[in-house]
Amino acid sequence: MTVLLLNATYEPLAVISRQRALSLLLRGRVDVATDQTITVVGASTTFKIPTVLRLRRYVNAPLREARWSRKGVLRRDGYRCIYCGAQAGDVRDGRVLTKEDFGVDHLIPRSRGGKNTWGNTACACAACNHRKGGRTPHEAGMKLHWEPKTPRVNYLILSGDIPEAWKIYLRV
């Protein structure tokens, strides 16, 4: 079990180990932010560590810029086509679309100088990507469902069951 570390402003900063949490508690660097605890048994002592801790002093955590990648574009868009809105799991032509049915489309085609940037690329299904071809969406008469943007990277990536005490601090 791990511990959620919050900034002094209650913004999630990181998920830390029990050992790191205990160290911060013993040095007086954090305050308790929840009643839910984890029990840690030592050689001669048992500790109850809260599952959410808040730093006493504000830590400046600047936004990091996300590096562009094909996989990143597909994940940012949730494997949803920017043109028709189809996504992995939908049924089209009698079969279920999978993640492999989606690719990255350049709004301004590479053949016309379009670059691999967050604002110029989006997830598209094979049918829409083929229909658009080497044209811009306007030339192909295709409307965008959203505007592609650079993703935020000041978020935590969590998997598995999220403790209830964390949910009020995270957008889940």
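A brief look at the structure comes next.

Criteria and cut-off values
Residues numbered from 1 in each chain as written. Predicted model: local features only at pLDDT ≥ 70, side-chain atom pairs only at ≥ 80, totals over all residues. Heavy atoms only, no water. Phe/Tyr/Trp six-rings, centres within 6.5 Å; stacked < 30°, edge-to-face > 60°. Helix = DSSP H or I, 4+ residues; strand = E, 2+ residues; numbered from the N terminus. Buried < 20%, exposed > 50% of the residue type's maximum accessible area, 1.4 Å probe, protein only. Salt bridge = Lys/Arg side-chain N within 4 Å of Asp/Glu carboxyl O. Pairing = 2+ DSSP bridges. Core = buried A, V, L, I, M, F, W, Y, C linked by side-chain atoms within 4.5 Å. Contact = heavy atoms within 4.5 Å.

1. Considerations on the packing of aromatic side chains
This structure, assessed with the given rule, holds one aromatic pair. On the numbers, 6.2 Å between centres and 10 degrees between planes, the contact of Tyr 10 with Tyr 169 is stacked. Residue Tyr 10 is located in the loop between β1 (3-6) and β2 (12-16), and its partner Tyr 169 is located in the segment after α5 (164-167); the two are separated by 159 residues in the primary sequence. A residue is classified by how much of its surface remains accessible, and Tyr 169, at 17% relative accessible area, is buried.

2. Observations concerning the pattern of salt bridges
Within this structure, the stated rule accounts for seven salt bridges. A salt bridge links Arg 56 to Asp 31; its shortest N-O distance comes to 2.6 Å. In this pair, Arg 56 is assigned in the loop between β6 (52-55) and α2 (70-76) and Asp 31 in strand β3 (residues 30-32), connecting sequence segments 25 residues apart. According to the relative accessible area criterion, Arg 56 is partly exposed, its value standing at 49%. Glu 139 is the salt-bridge partner of Arg 112, the closest N and O atoms lying 2.9 Å from each other. One end of the pair, Arg 112, is in the loop between β9 (102-106) and β10 (121-125); the other, Glu 139, is in helix α4 (residues 137-140), and 27 residues separate them in sequence. By relative accessible area, Arg 112 is classed as partly exposed at 45%. According to the relative accessible area criterion, Glu 139 is partly exposed, its value standing at 42%. Linked through salt bridges whose partners overlap, the residues forming this network are Asp 31, Arg 54 and Arg 56.

3. Notes on the pairing of β10
In terms of residue burial, β10 counts as a mostly covered element, since five of its five residues are buried. Going residue by residue along β10, you find Thr 121, Cys 123 and Cys 125 tucked away on one face and Ala 122 and Ala 124 tucked away on the opposite face as well. Relative to β10, β9 runs antiparallel, the two being bridged by five bridges. Bridged to Gly 103 within β10 is Ala 124.

4. A few points about the nonpolar core
Membership of the largest hydrophobic core comes to 20 residues, with the highest contact counts inside it found for Leu 74, Cys 81, Tyr 83, Phe 102, Cys 125, Cys 128 and Met 142. For this core, the secondary-structure elements that each account for two or more residues are α2, β9 and β10. With four residues, β10 is the largest single contributor of residues to this core. With residues up to four places along the chain from it excluded, the contact list for Leu 74 reads Tyr 79, Phe 102, Gly 103, Val 104 and Cys 123. Listed in part, the 12 residues of the second largest apolar core include Ala 21, Val 30, Ile 38 and Val 40.

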